[in-house]
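# Secondary and tertiary structure notes
Here is how the chains run, residue by residue.
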Amino acid sequence: MSKRTPLIAGNWKMNKTATEGVELVKEIAAAVGTESSVNVLLCPPFTALSAVSAAVEGTHLGLGAQNMHDKASGAFTGEISASMLRDLYVTHVILGHSERRSLFGENDAFINRKVLAALSASLKPILCVGELLSEREANQTMEVVRRQIEQGLAGVPAAKAESLVIAYEPVWAIGTGKTATPAMAQEVHAFIRKLLAQQFGAESASRILILYGGSMKPDNADALLAEQDIDGGLIGGASLEAKSFVDLVQIAAKSLRD
Ligand code: PEP
């Protein structure tokens with residue numbers, strides 16, 4: 001684990017009603033709601049943001065959203081703007097998740113506009129990048145990640161670089177039970193940090209959090225978090241149950257002490 005304060009972020013995807021979400025938050029807050037060595041973020045669906053926002057008040061748990069539109073307002077049926085998220089005390093927004101890219105046709109240019117809009121509204125983007133299995137097998141991992149980082153972060157002012165969070169999520173590891181080995185993940189994380197240093201300078205790059213995502217669970221988190229450039233996790237499946245999510249937060253806290 002690095003010297004950066006780790007972040008464990010739960011991406012609930014299209015799971016949990018507002019009522020179910022509040023129940024889950026209560027259990028998580030009871031166990032790790034005052035944990036301050038690790039930043040913990042919950043990213044419920046839009047319909048649960050308001051209720052979860054109220055439920056995390058007074059705890060150290062933070063609130064993130066899973067997506068947003070790049071425009072500030074207007075005729076964009078079904079979309080949500082940065083200011084709507086800010087109004088609910090959301091601090092982070094996941095952008096460019098592989099499910100948005102593959103199922104909803106989001107490309108790097110659109111994701112880039114969202115990144116810039118989020119930063120302008122003082123939201124911290126969690127930019128997701130990662131290769132498909134076919135791309136890994138064709139030795140294209142670094143090329144794909146380079147394109148997603150360079151295009152996704154085009155035009156980001158250096159002064160805002162430290163508000164960025166990157167999540168490296170090999171697509172073949174998301175929801176499949178297959179995890180990148182710690183060495184495989186570290187290799188890509190180090191490459192991402194090098195790209196960030198080229199764009200923003202080494203000092204800023206050393207402060208940007210790079211999370212790993214892809215079937216991270218209590219039984220594999222320890223080894224992943226021990227890697228120098230892995231600063232936490234973006235957690236899907238294991239964030240839907242209090243026990244596994246709390247265990248992950250505790251493993252991240254322990255990794256700081258080891
Ligand atoms: C994700 O979707 O961001 C994710 C990492 O999912 P899972 O942990 O279920 O692989």
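Residues numbered from 1 in each chain as written. Predicted model: local features only at pLDDT ≥ 70, side-chain atom pairs only at ≥ 80, totals over all residues. Heavy atoms only, no water.

### Topic: the pattern of salt bridges
Our working rule: The salt bridge definition used is simple: a Lys or Arg side-chain nitrogen within 4 Å of an Asp or Glu carboxyl oxygen. Note on conventions: DSSP H or I runs of at least 4 residues are helices, E runs of at least 2 residues are strands, and numbering of each starts at the N terminus. In this scheme, a residue with accessible area under 20% of its type's maximum is buried, one over 50% is exposed, and one in between is partly exposed, where area comes from a 1.4 Å probe on protein chains only.
Evaluation of the coordinates by the stated rule reveals 17 salt bridges. Residue R207 pairs with E162 through a salt bridge whose shortest N-O separation is 2.9 Å. Residue R207 is located in the loop between helix 9 (202-205) and strand 7 (209-213), and its partner E162 is located in the loop between helix 7 (141-152) and strand 6 (165-168); the two are separated by 45 residues in the primary sequence. The exposure class of R207 is partly exposed, given its relative accessible area of 40%. R207 is paired through a salt bridge with E203; the nearest N and O atoms lie 2.6 Å apart.

### Regarding the sheet that holds strand 6
Condition: Strands qualify as paired when DSSP identifies two bridges or more between them. To get an axis, a line is fitted to the C-alpha atoms, and for a helix only the part in contact is used. The angle between two axes follows their N-to-C directions and goes from 0 to 180 degrees.
The eight strands are arranged 1-2-3-4-5-6-7-8 in a closed barrel whose pairing can be described as parallel. Averaged over all pairs of adjacent strands, the angle between their axes in this sheet comes to 25 degrees, without regard to strand direction. Bridge count for strand 1 (residues 7-11) against strand 2 (residues 39-43) is five bridges, and the pairing is parallel. In the sheet register, A9 faces strand 2, and the bridge partner there is L41.

### Examining the side chain of N11
Heads up, the condition is: Each polar contact in these results corresponds to two N or O atoms within 3.5 Å; when the atoms are within protein, one needs to be able to donate a hydrogen and the other to accept it, and residues that are neighboring in sequence are counted only if both atoms are side-chain atoms. A contact between two residues is defined here by any heavy atoms of the two lying within 4.5 Å.
Inspection of the secondary structure assignment puts N11 in strand 1. A distance of 3.0 Å separates a polar side-chain atom of N11 from the backbone nitrogen of K13. The residues contacting N11, other than those within four sequence positions of it, are C43, Q66, I94, H97, L234, I235, G236 and S239.

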